[in-house]
Amino acid sequence: MEYQQQFDVIVIGGGHAGTEACLAAARMGCRTLLLTHSVDTLGQMSCNPAIGGIGKSHLVKEVDALGGAMARATDRAGIQWRVLNARKGPAVRATRAQADRVLYRNAIREILESQENLSIFQQGVDDLLIEGGRVAGAVTQMGLIFRAPQVVLTTGTFLGGKIHIGLENSAGGRAGDPPAIALANRLRELPFRVERLKTGTPPRIDARSVDFSQLEEQWGDEPVPVMSYLGRAEEHPEQRCCWITYTNERTHEIIRGGLDRSPMYSGVIEGIGPRYCPSIEDKIHRFADKSSHQVFIEPEGLNTSELYPNGISTSLPFDVQYELVRSIVGFENAHITRPGYAIEYDFFDPRDLKYSLETRAVPGLYFAGQINGTTGYEEAAAQGILAGLNAALASRGEAAWCPRRDEAYIGVLIDDLITMGTLEPYRMFTSRAEYRLLLREDNADLRLTEQGRKLGLVDDQRWQRFQEKCEAIELESARLASTFVHPTTPEAEALNSKLKTPLSREYSLADLLKRPELSYQDVAAVKGQALADSQAAEQVEIQAKYSGYIARQQEDIERLRRYENAQLPKDLDYATVDGLSNEVTLKLNEARPETLARASRIPGVTAAAISLLLVYLKKRG
Ligand code: FAD
C-alpha cells in the first residue's frame, strides 16, 4: 500500500543522528517523516548515559548553535556536570554531563513531538524505493510505501547487527532491539563500499549490591555548567554523585584466563573496535604492564538502581564477566543486571559521500551517524543535523552547505571522513582540529548561529538571545578599549595588589585584561560595571586575552584559503605530475581531492608534494 501523504524528506532511524536530521529538515519548513523501529526508543543512549567530553561537547554546542536538540535535552537530563581541562586553555575546555537515560529520551521525544512539519511513524524499514537511479522513498516491514525525493538513513549499529557474548552470538541492533537485516541486504546490492566495525558495552550493576564505603566519591563541578546557549542550571534535575574504583592483578588474571573464549581474541569478531574506548580485555592485552585500570561508576538515572561501570566494556563469556566484576573493590557482592556485550555491524565507506552527506551513487540518499563509521552520540548528532539541513536545501533546489574546517568541528568531522575514510570507529578529539583556538566550545554560537538563521534552522527566541549577546560583547569590548586607568589613582592601586609589576603608565582596561594575573571581573568592575551576562563576559575576556594567537590563526587560514580555491582537475592522472612519490601518487589517485587544500589533508601527502602540485597547476595555467 502506498501512503497517501507525500513528504519532502524521510529520515530513517530515531537515534541521535536521525532525531537531529528530522528536526533540522522540519525546522526548515520541509514536510518531514521520521520512520523508526520504536517511538519508545527515540533518542535512546545505547551505551554510556553521558553527553559531551573532550572534542565532543564542541560538536554538541555547534549542533545547539544551529538550533539542534541534543544540548537542550542534556540540560534537562544532566545529573552530574563537569568541565574537563578546566585549568587548561579555552580551546580544549570541554563540558560533560552524566545524563538520566529516561529524562534524556523524554526530552528528545517532547522536542520531536512539538516540532511543526514533523510526523513520526513506528515501523522498521526493509527497502528503499529507487526510481530512475535516484531515491524516491522507503518501504516498511509491512510493505507500506512512503514517498519523498530526499531520504536520510541513520540506522546506527543496526545494519546486519550481530551481538556477541563469549562465543555465543545472536542477531540484534543493540540489546533488546531487532537488527535491520533486510535493509542491510538491500544496501549491499547498491554500489556502496561496505565494511564491518564493532563496539561494546560493560555489564550493568545493581547499586544495592555495591559496597560504596570502599569507593572514592566524585561530585560534579560548582558552579554547575550548562550545555545549551539557551540553557540554565536551574533546568537541571537533582544532582548525583559518581564513584571511582580500580581493576587489580586478580581482575586481569581472570580476564587473561577467559581470552580463549573471547569473540575478539578467538577470531569470531571480524570488525575493528573503537581504539579510544577499548574493551577491558583489549586494555589488558595492549597495556600488559599496567596492574590496574580506573573504573568510573556512573548512575544510569535518578529513579533506578542500575549503575554504569565505565571502563570495563567486555564481550567475554558471562561466567568470566561475573568473576571479573566481583574481583573489583566495592563489587565483591555485585549483582549484574545486564551482561556486557559487543556488537558488529555494517558501515559504509564515507569516501563515497559528498560534503552534504548525500551518497555519490544514489542521488537524494543521505547517510548520517554510526553508519558512516563514526562512534558516539555527538558525532552522530553533528552528521544528522548536516544531512537533514542539506536534504532540506536540496528539496528547495538550493546549493548544499557544510562548514569549513576553520569554522566548525562539524567541518573537521565531515572533511576527515570524506577525504580519509576510516578503518576504525572514528571519534572526535580537539587534536583533530588545526584551528583549535578559533573552534572553542564557548564560541560555537558566534561561529554558526548567523548561518543557522540564514538556513532557517534558528528560531526567533534563539536569534534574539544571540543578538543581545553579540551587542553586549561589542559594547563592553569598546568600553574596555576606551576606558583608561592612570597609575596614581585608587583604581590602579586596586589592580596593583594583583599584579606582579605595578602600573607605571596609563593603560586601557582592554590592555590590562591581557595580563594573565587579571580576570575580566578584576578589570571590568574597577571603573564602571561588569557585564551581568556571564556568556558575554566570557567572550570579552577570551577575545582580549588570546587576541594575538587568534589573529595568527586567522592569518594562517587566509593563507590556506588561497590554496583552497586552487581546483585540481577531476581527470588528473597524478602519475603525470613530476616528482611525486609512488605512495603520494597512489593516495591522490584514490582520493581524487577537489582542491589543493583538501589534498594537503590526506595523510601521507606532504608539504613538498603540495608544492609540486602547485607548480604543476601554475605550469598548466
Ligand atoms: P543509533 O543511536 O544506533 O540509532 C539508530 C536508530 O535507527 C535506532 O532508533 C533504530 O531503532 C533505528 N533503525 C535502525 N534500523 C532501522 C530500520 N531498518 N528501520 C527503522 N528504524 C531503524 N559510542 C561511543 O562513543 N562509545 C562507546 O563505547 C560506545 N559503545 C557502544 C556499545 C554498544 C553495544 C552500542 C550498541 C553502541 C555503542 N556506542 C558507543 C555507539 C553509540 O550508541 C552510537 O555512536 C550512537 O548511538 C550512534 O547514533 P546513530 O543515530 O547513528 O544510531
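Residues numbered from 1 in each chain as written. Predicted model: local features only at pLDDT ≥ 70, side-chain atom pairs only at ≥ 80, totals over all residues.

Within an unreviewed UniProt entry, the label attached to the protein reads tRNA uridine 5-carboxymethylaminomethyl modification enzyme MnmG, and the organism entered is Sediminihaliea albiluteola. For the protein, the Cofactor (unreviewed entry) comment in UniProt is given as "FAD". Taken verbatim from the UniProt record of the protein, the Subunit (unreviewed entry) comment is "Homodimer. Heterotetramer of two MnmE and two MnmG subunits." (UniProt positions renumbered as here; feature names shortened; annotations may be inferred.)

Attention shifts here to the overall build of the protein. Along the protein, the regular secondary structure elements total 20 helices and 23 strands. Against the compact-globule benchmark of 25 Å for 621 residues, the protein has a radius of gyration of 26 Å, which places it among compact chains. Principal axes of the C-alpha set define a box for the protein whose edges measure 80 × 70 × 55 Å. When the 621 residues of the protein are sorted by exposure, 47% land in the buried category. (Helix = DSSP H or I, 4+ residues; strand = E, 2+ residues; numbered from the N terminus. Rg over C-alpha atoms; globule rule 2.2 N^0.38 Å. Buried ≥ 20, exposed ≤ 12 C-beta atoms within 10 Å, placed from the backbone.)

The three strands lie next to each other as β3-β5-β4, forming an open sheet whose pairing is antiparallel. The sheet terminates laterally at β3 (50–52) and β4 (78–84), the two strands that pair on one side only. This sheet shows a mean twist of 20 degrees between the axes of neighbouring strands, independent of strand direction. In terms of strand pairing, β3 meets strand β5 (residues 94–99) through three bridges, oriented antiparallel. Pairing of Ala 50 across the sheet is with Gln 98, part of β5. (Pairing = 2+ DSSP bridges. Axes fitted to C-alpha atoms, helices over the stretch in contact; angles between N-to-C directions.)

With that settled, the discussion passes to the pairing of strand β17 (residues 294–299). Strand direction decides the pairing type here: strand β16 (residues 242–246) and β17, joined by four bridges, are antiparallel. Residue pairing in the sheet places Tyr 246 in a bridge with Gln 294 of β17. In sequence, β17 turns back onto strand β18 (residues 306–310) through a hairpin of six residues.

Around the ligand sit 37 residues in total, of which Gly 13, Gly 15, Gly 156, Gly 369 and Ala 380 are the nearest. Put simply, the parts of the chain that give the shell around the ligand at least two residues each are α1 (16–27), β2 (32–36), β13 (194–201) and α9 (377–395). In the shell around the ligand, the residues fall into 13 nonpolar, 22 polar and two charged. (Near = placed C-beta within 6 Å. Nonpolar A, V, L, I, M, F, W, Y, C, P; charged D, E, K, R; others polar.)

Right, let's get into the sheet that holds strand β1 (residues 9–12). Two pairing modes exist for strands in a sheet, parallel and antiparallel, and in both the strands are linked by backbone hydrogen bonds. Taken together, five strands build an open sheet; the order of strands is β6-β2-β1-β10-β21 and the sheet is parallel. Each having just a single partner strand, β6 (118–122) and β21 (365–367) make up the two edges of the open sheet. Geometrically, the sheet is characterised by an average inter-axis angle of 20 degrees between neighbouring strands, direction not taken into account. When β1 meets strand β10 (residues 150–153), the two strands line up parallel, connected through four bridges. Along β10, the bridge assignment pairs Ile 12 with Leu 153. Running over the sheet, α9 touches β1, β10 and β21 and is turned about 170 degrees from β10. (Contact = placed C-beta atoms within 7 Å.)

Of the residues making up helix α18 (residues 582–591), those classed as buried are Val 584, Lys 587, Leu 588 and Ala 591. Looking straight down α18, one finds its buried side chains confined to an arc of 95 degrees; they lie on one side. Facing away from the buried side of α18 by more than 90 degrees, the exposed set consists of Asn 582 and Glu 590. (Arc of directions from axis to C-beta.)

Right, let's get into the confidence of the model for the protein. When the pLDDT values of the protein are averaged, the result is 94; 100% of them are 70 or greater. Reported confidence for the predicted complex is 0.98 by ipTM and 0.92 by pTM. (pLDDT = per-residue confidence, 0-100.)

Before going further, it helps to spend a moment on the nonpolar core. Counting residues in each nonpolar core, the largest one holds 109 residues, and the members touching the most others are Val 9, Ile 10, Ala 21, Ala 25, Val 151, Val 152 and Ala 381. Ranked by residue count, the leading element in this core is α9, at twelve residues. Among residues more than four places away in sequence, those in contact with Val 9 are Ala 25, Cys 30, Thr 32, Ala 148, Gln 150, Val 152, Ala 391, Ala 392 and Ser 395. (Core = buried A, V, L, I, M, F, W, Y, C linked by C-beta atoms within 7 Å.)

At a minimum axis distance of 8 Å, the contact between helix α2 (residues 56–65) and helix α11 (residues 444–455) shows a crossing angle of 35 degrees. The interaxial crossing formed by α2 with α11 has right-handed handedness. Along the contact surface, α2 presents His 58, Lys 61, Glu 62, Asp 64 and Ala 65, while α11 presents Ala 444, Asp 445, Arg 447, Leu 448, Thr 449 and Gly 452. Each residue belonging to the contact of α2 with α11 can be placed in one class, and the counts come to three nonpolar, three polar and five charged. (Left-handed = near helix turned anticlockwise from the far one by under 90°.)

If a residue is not glycine, its phi is most likely negative; likewise, a peptide bond is most likely trans. The omega torsion of the bond from Glu 222 to Pro 223 falls at -10 degrees, within 30 degrees of zero and hence cis. Looking at where Pro 223 falls in the secondary structure, it is placed in the loop between β15 (216–218) and β16.

This part takes up the environment of Glu 281. Assignment of secondary structure puts Glu 281 in helix α7 (residues 280–286). Residues Glu 281 and Pro 317 lie 36 residues apart in sequence; the distance between their C-alpha atoms is 12 Å. The residues touching Glu 281, leaving out its near neighbours within four places in the chain, are Ile 255, Leu 259, Ser 262, Met 264, Tyr 265, Thr 314 and Leu 316.

Take the environment of Ala 368 next. Relative to the elements of secondary structure, Ala 368 occurs in the loop between β21 and α9. A count of 33 C-beta atoms within 10 Å places Ala 368 in the buried class. A sequence separation of 350 residues divides Ala 368 from Gly 18, and the C-alpha atoms of the two residues are 7.7 Å apart. In this structure Ala 368 touches Ala 17, Ala 21, Val 152, Thr 154, Leu 357, Gln 383, Gly 384 and Ala 387, once residues within four positions along its chain are discounted.

A separate point is the environment of Gln 464. By secondary structure assignment, the location of Gln 464 is in helix α12 (residues 460–482). For Gln 464 and Asp 289, which are 175 residues apart along the polypeptide, the C-alpha to C-alpha distance reads 56 Å.

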